[in-house]
Amino acid sequence: MPKLTIYARTGNSEVALDEYNLIGRNTNNRITILDPSVSSVHCLIEFEGNQGFVIRDLSSLNGTFINNIRIDGKAVLNDNDELLIGSTRCIFSTDNTETVVQIDKNNAYSLSGRREAPKTEKMESEFLHECQIPDELELRADYEKLRITYEMQRDIGFDTDIDTILDQILDRTFEFLNCDRGIFLIENMDNALKPRAYKTTKQDDKFVISSTLIKLIRKNKTGIRSTDALNDSYLKKSKSIILQGTRSILAVPILDQDNLIGILIVESSIEVNAFSKKDLRLLTNIANQTAQFIKNSRMAKKIKKDEITRKQFQRLLSPNLAEMVVSGKLKVEKGGESRVATVLFTDIRGFSLLSENTKATALLQMLNDFFEVIVDIVFHYEG
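Residues numbered from 1 in each chain as written. Predicted model: local features only at pLDDT ≥ 70, side-chain atom pairs only at ≥ 80, totals over all residues. Heavy atoms only, no water.

### Details of unusual backbone geometry
Here is step 1: The phi torsion at Asn67 lies on the positive side, around 50°, for a residue other than glycine.
Here is step 2: Along the chain, Asn67 turns up in the loop between β7 (64-66) and β8 (69-70). (Helix = DSSP H or I, 4+ residues; strand = E, 2+ residues; numbered from the N terminus.)

### A closer look at helix α3 (residues 162-176)
Here is step 1: With 15 residues, α3 extends 22 Å from end C-alpha to end C-alpha; this agrees with the ideal 21 Å at 1.5 Å per step.
Here is step 2: Residues Ile162, Asp163, Ile165, Leu166, Ile169, Leu170, Arg172, Thr173, Phe174 and Phe176 constitute the buried set of α3. (Expected span 1.5 Å × (residues − 1). Buried < 20%, exposed > 50% of the residue type's maximum accessible area, 1.4 Å probe, protein only.)

### A word on the packing of aromatic side chains
A ring pair, where both rings are aromatic, is described by two values, the distance of the centres and the angle of the planes.
Here is step 1: Applying the stated rule across the entire model yields three aromatic pairs.
Here is step 2: For the pair Phe47 and Phe53, a centre-to-centre distance of 5.4 Å together with 70° between the ring planes defines the contact as edge-to-face.
Here is step 3: Feature note: the residues Phe47, Phe53 and Phe92 constitute an aromatic cluster, connected by ring pairs.
Here is step 4: It is Lys199 that lies over the ring of Phe174; its NZ or CZ is 4.9 Å from the centre. (Phe/Tyr/Trp six-rings, centres within 6.5 Å; stacked < 30°, edge-to-face > 60°. Lys NZ or Arg CZ within 6 Å of the ring centre and 35° of its normal.)

### Focus: the sheet that holds β7
Here is step 1: Judged by pairing direction, the sheet is antiparallel, and its six strands sit side by side in the order β2-β1-β11-β10-β7-β8 without closing on themselves. Each edge of the sheet is formed by a strand with only one pairing partner; in this case those strands are β2 (11-16) and β8.
Here is step 2: Looking at chain direction, β7 and strand β10 (residues 81-85) are connected through three bridges and run antiparallel. Within β10, the residue paired with Ile66 across the bridge is Leu83. (Pairing = 2+ DSSP bridges.)

### Concerning the confidence of the model for the protein chain
Here is step 1: Taken residue by residue, the protein chain gives an average pLDDT of 78. The fraction at 70 or more is 80%.
Here is step 2: Low confidence marks residues 106-125, where pLDDT is under 50. Its contacts with residues over four positions away, or in another chain, come to 44 contacts.
Here is step 3: Across residues 233-239 the pLDDT falls below 50, and counting only partners more than four positions away or on other chains, this stretch makes 22 contacts in the model. (pLDDT = per-residue confidence, 0-100. Contact = heavy atoms within 4.5 Å.)

### Details of the side chain of Thr5
Here is step 1: Note that Thr5 resides in strand β1 (residues 3-8).
Here is step 2: Contact partners of Thr5, with chain neighbours within four places excluded, come to Ser13, Glu14, Arg89, Cys90 and Ile91.

### Side note on the packing of α3 against helix α6 (residues 277-314)
Here is step 1: Where α3 meets α6, the closest approach of the two axes is 10 Å, and the angle between their N-to-C directions is 165°. In terms of orientation, α3 lies roughly antiparallel with respect to α6. With respect to the hand of their crossing, α3 and α6 are arranged in right-handed fashion. Contacts between α3 and α6 involve Ile162, Ile165, Leu166, Ile169, Thr173 and Phe176 from the former and Leu282, Leu283, Ile286, Thr290, Phe293, Ile294, Ser297 and Lys301 from the latter.
Here is step 2: Among the residues forming the contact of α3 with α6, the class breakdown is 10 nonpolar, three polar and one charged. (Axes fitted to C-alpha atoms, helices over the stretch in contact; angles between N-to-C directions. Parallel < 35°, antiparallel > 145°, perpendicular 65-115°, else oblique. Left-handed = near helix turned anticlockwise from the far one by under 90°. Nonpolar A, V, L, I, M, F, W, Y, C, P; charged D, E, K, R; others polar.)

### A short note on the pairing of strand β5 (residues 43-47)
Here is step 1: Burial of β5 is extensive: five of the five residues sit out of reach of the surface.
Here is step 2: Side chains Cys43, Ile45 and Phe47 of β5 all project onto a buried face; the interleaved residues Leu44 and Glu46 project onto the opposite face, where all are buried too.
Here is step 3: Sheet analysis places strand β3 (residues 20-24) next to β5, joined by four bridges and oriented antiparallel. Looking at the pairing, Leu22 lines up with Leu44 of β5.

### As for the sheet that holds strand β13 (residues 181-187)
Two modes of strand pairing occur in sheets, parallel and antiparallel, and in both the strands are linked by backbone hydrogen bonds.
Here is step 1: The strand order across the open sheet built from five strands is β14-β13-β18-β17-β16, with neighbouring strands paired in antiparallel fashion. Looking at which strands have only one partner, the edges of the open sheet turn out to be β14 (193-200) and β16 (224-226). Here the average twist between neighbouring strands, direction ignored, is 15°.
Here is step 2: Bridge count between strand β17 (residues 248-256) and strand β18 (residues 259-268): nine bridges; the pairing is antiparallel. Directly across from Pro253, in β18, lies its bridge partner Ile263.
Here is step 3: Where α3 meets the sheet, it contacts β13, β14 and β18, and its direction lies at approximately 45° from that of β14.
Here is step 4: Along the sheet, helix α4 (residues 211-220) makes contact with β13, β14, β16, β17 and β18, crossing β18 at roughly 140°.

### Considerations on the pattern of salt bridges
Here is step 1: With the rule as written, the count across this model stands at 16 salt bridges.
Here is step 2: A salt bridge links Glu14 to Lys3; its shortest N-O distance comes to 3.3 Å. Taken together, the residues span a long stretch of sequence, with Glu14 in strand β2 and Lys3 in strand β1 at a distance of 11 residues.
Here is step 3: On the basis of relative accessible area, Glu14 is assigned to the exposed category, the value being 55%.
Here is step 4: Among the ionic pairs, Glu48 bridges to Lys74, the shortest N-O distance being 2.7 Å. Note that Glu48 is positioned in the loop between β5 and β6 (53-57) and Lys74 in strand β9 (residues 74-76), a separation of 26 residues in sequence.
Here is step 5: Taken together, the shared-partner salt bridges connect Asp18, Asp163, Arg196 and Lys301 into one network. (Salt bridge = Lys/Arg side-chain N within 4 Å of Asp/Glu carboxyl O.)

### Some points on the packing of α6 against helix α7 (residues 319-327)
Here is step 1: Relative orientation of the contacting elements α6 and α7 amounts to 140°, with a least axis distance of 9 Å. In the packing of α6 onto α7, the handedness of the crossing is right-handed. Of the residues in α7, those touching α6 at Asp306, Thr309, Arg310, Phe313 and Gln314 are Pro319, Ala322, Glu323, Val325 and Val326.
Here is step 2: Tallied by class, the residues present in the contact of α6 with α7 amount to five nonpolar, two polar and three charged.

Spelled out as structure tokens, the structure:
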């Protein structure tokens, strides 16, 4: 995960970067820097497709610098770039997750015979009424799993930080599933699935993911359960599964309606048949909740981004034009564009003589009153 290392007066800190990161002195920003030379909303670091992470100065008083060069507009960030935000030094570091998480592209096997798509009818038959369950231990185990998933949703609440949410979900998942590896692959702005959060119970354990498994879930958008991967005729050829000693696998899609936005995978090298059909259905439910959390997080970021854009342009444009910029109906390009336009020139008759014989405070008040009237007229005609 790309990160920003901040060398502040109060101490050093590291912050994992999201797709949209407002930086400033105000505590409402995603990254707060308590430095008097930093503006309330100073700059923005965001992910922009093929360009990767870029930084924009948001008309800050003291500017934003990359490697001692003040930026104008936006600039692409590279690994180990040194930023100066106000008088606070920061270092941008790129993603180092790939050293731990790898995609195994050398699989030739097919998983077509292992798919188990969760269905509502089956779910109802799997979770029987308590009177129909003869084994009290089984009833208690089912209750415990449902309790943990409920508490997971309650604990996350209205949190909108995706990384924090995914970490919490993995922690809770490890509580009710007998697994030793878990990972979230989430689509980035390029529509590529990238590791976003992972957890292992073994120190320095590498998480190697089957590319065929990913392709299958992308294609069919259904959950997969393998009870004995090492002896499975479809899975036993996989180098990643052999090397890691994977015995049981659960993999479920994270869907926004019918659009795949991520995949949740958990594995166990502890025992054969570690996961039941109920576990697949519970993990599918968790994936559905995760999709909603991600949608809420992205919506909150979009609202915040739109509000910043709106405030910036409302200082220069009428509210109607500012709203058109925010919605994308009007694009403001560097260098502008040629258009037929009406220009209003106004003059205050006798202003030079008036200014010589009027106190500064009274003159300022008069000009403010004049501008309010003129601006209202201009805005009325969408100027």
